[in-house]
Amino acid sequence: MTLSADEAARFAVVLEDHQEALVTFWTDRVAATLRGRLSHAELQRQNAELRRGFQQALAGSAQDLSGEAATELRAQLAELSATRARQGFSTTETAVSIFSLKDAVLAALDTQGQVDAATLRDYIAFSSFVDEAALFTFDSYVRVREELIADQAEQLLELSTPVVKLWEGVVAVPLVGTLDSARAQVVMERLLQTLVDTGSPYAIIDITGVPAVDTQVAQHILKTVVAARLMGADCIISGIRPQIAQTIVALGIEFGDIATKSSLADALRYVLTQTGKKAR
Amino acid sequence: MERVPVLKIGDILLVSIQIDMEDQVALQLQEDLAERIVATGCHGVIIDISALDIVDSFVGRTLATIAAISRVLDAETVVVGMRPAVAITLVELGLSLPGIRTALNVELGMDLLAREREDNGDDDEETNGLEGAETPAVPAP
């Protein structure tokens, strides 16, 4: 249901005439749901601006929210939901901020004495416009939250794949957490780059922190080892826990001639004896 | 046609590939190297591919052939400086370059050759798993 041009114009007038009472009523309503997490003055300012947005959109005879006249209002709503999402308000609290406008408008209409049927019809049309605005807010809220989550996932990826130098010519990758394709790729690239940068002929991949090894994880590790070999470095896999060893055998995963050790210490000792043998 | 220079340093022939490895260039290098190994009597070949962005299956096979040829002429070949991106691509393609020894850089490659020469002849001990697979130039006995 869209607003007709007449209805829009009539509501623009209502919003203009009752602006003081409207904003106060609206702000009280929103303040009650947010329970003091935003200051009253701040809310008052936001609502006053939003009222102006609504008023201008309607004065420009916007039939619905997607029209040209509502461009500024859309920007305001998106801005509001983005801030609310970042400040950690829930979706309900954000949507109610817009829905309360309906209550405020109804109260404003009521003060004129009795409400006749024509006004009520107008009000229903206007109320669907507000609903649309609230849904739009909801959408932008979800979008901003998803962006936040994606950013955090990326940061976590950066944090969780360090490559450390253990000894002269020996680097280690302590893997912590589940290995999926994206992480395995990051680990592989970073390990290989470190091998080139440091000129280390040995790398130890420690899987103590990997909760489960399935065929896919094993495949990722094997690929890394083969790539390192192609570049002229040797990889040792360490930190294989008893249950993991059982799974590996049960799944029939073959590590071939890749050296596997139960602890990082064993792996380091093995590498040092290897280099000692070669340096004689 | 462009040619890849072959430099003699002591007992080692050093080949640094700085141009795109087209098929003709690869074949020419294979011929040049065989001649130079015989002419100089060197016992080691280092092929530096750190400037190569792309190693396709043909170049990979040529490298394996060069390694096999030089082994016949009593020279050990080491491929050095493969870039991480190249290594990842080769693994994704399933090409593991059998029969080729590798090192991270020229220095480590020279170390590897020096150790080989010290061990002098007892190749069996040094044979790693990769060499178990046959290279194209040497038919299985």
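Engineer: Help me out: how do you make sense of the overall build of chain A in this one?
Structural biologist: Helix and strand counts for chain A come out as 10 helices and 5 strands. The buried share of chain A, taken over its 280 residues, is 32%. Sequence-distant contacts, at least 24 apart, represent 75% of the contacts inside chain A between residues at least 6 apart.

Engineer: Please clarify how the overall build of chain B should be interpreted in this entry.
Structural biologist: Tallying secondary structure elements over chain B gives 5 helices and 5 strands in all. Listed N to C, the secondary structure of chain B is β-β-α-β-α-β-α-β-α-α in terms of helices and strands. Here chain B holds 141 residues, and 38% of them are scored as buried. Put simply, 77% of the contacts in chain B that link residues at least 6 apart link residues at least 24 apart.

Engineer: Quick question: what am I supposed to make of the interface of chain A and chain B here?
Structural biologist: The partner chain B presents 16 residues to the 19 residues of chain A that form the contact. Where the side of chain A that touches chain B is concerned, the elements lending two or more residues are α7 (181-198) and α8 (215-230) of chain A. It is α7 of chain A that provides the largest number of residues to the side of chain A that touches chain B, a total of 6 residues. A class-by-class count of the residues in the side of chain A that touches chain B yields 10 nonpolar, 4 polar and 5 charged.

Engineer: Before we go on, may I ask you to explain unusual backbone geometry in this structure?
Structural biologist: One non-glycine residue, D74 of chain B, adopts positive backbone phi at about 60°. Inspection of the secondary structure puts D74 of chain B in the loop between α2 (57-72) and β4 (76-80).

Engineer: Is there a simple way to think about the pairing of strand β3 (residues 44-48) of chain B in this case?
Structural biologist: The two faces of the sheet receive side chains in turn, since in a regular strand these alternate between them. Residues and elements named next belong to chain B. Summarising burial for β3: 5 of the 5 residues are buried, a large majority. Here β3 shows two buried faces, one formed by G44, I46 and D48 and the other by V45 and I47. Pairing of strand β2 (residues 12-16) with β3, which is carried by 5 bridges, proceeds in the parallel orientation. Following the sheet pairing, L13 is matched in β3 by V45.

Engineer: Mind showing me how you'd approach the sheet that holds strand β4 (residues 234-238) of chain A here?
Structural biologist: Whenever strands of a sheet pair, they do so through backbone hydrogen bonds, lying parallel or antiparallel. All names here are of chain A. The mixed open sheet is built from 5 strands, whose spatial order is β1-β2-β3-β4-β5. Only two strands of the sheet have a single neighbouring strand rather than two, namely β1 (164-167) and β5 (259-260). Relative to β5, β4 is paired through 2 bridges, and the arrangement is parallel. Among the inter-strand pairings, I236 is bridged to a residue of β5, identified as A259. α8 contacts β3 (202-209) and β4 of the sheet and is inclined by roughly 155° relative to β4.

Engineer: I would appreciate a short explanation of the sheet that holds β3 of chain B in the present structure.
Structural biologist: Residues and elements named next belong to chain B. Pairing in this open sheet of 5 strands is mixed, and the strands run β1-β2-β3-β4-β5 from one edge to the other. Unpaired on one side and paired on the other, β1 (6-9) and β5 (101-103) mark the two borders of the sheet. Neighbour-to-neighbour, the strand axes of this sheet turn through a mean angle of 30°, independent of strand direction. Packing against the sheet, helix α1 (residues 23-40) makes contact with β1, β2 and β3, and its axis sits at approximately 160° to β2.

Engineer: How do you make sense of helix α3 (residues 40-59) of chain A when you look at a structure like this?
Structural biologist: Helical geometry: 3.6 residues make up each α-helical turn, so side chains three or four residues apart lie on a common side. Residues and elements named next belong to chain A. Between the first and last C-alpha of α3 there are 28 Å, a value that for 20 residues agrees with the 28 Å anticipated at 1.5 Å per step. Those residues of α3 not exposed but buried are Q46, N47, L50, G53, F54, A57 and L58. The buried residues of α3 occupy one face: seen down the axis, they fall within an arc of 125°. Lining the buried residues of α3 we find α1 (5-17), α2 (19-34) and α4 (71-87). Positioned one or two residues after α3, S61 has a phi angle of 45°, which is positive.

Rules of the game
Residues numbered from 1 in each chain as written. Chains lettered and ligands numbered in written order. Predicted model: local features only at pLDDT ≥ 70, side-chain atom pairs only at ≥ 80, totals over all residues. Helix = DSSP H or I, 4+ residues; strand = E, 2+ residues; numbered from the N terminus. Buried ≥ 20, exposed ≤ 12 C-beta atoms within 10 Å, placed from the backbone. Contact = placed C-beta atoms within 7 Å. Nonpolar A, V, L, I, M, F, W, Y, C, P; charged D, E, K, R; others polar. Pairing = 2+ DSSP bridges. Axes fitted to C-alpha atoms, helices over the stretch in contact; angles between N-to-C directions. Expected span 1.5 Å × (residues − 1). Arc of directions from axis to C-beta.

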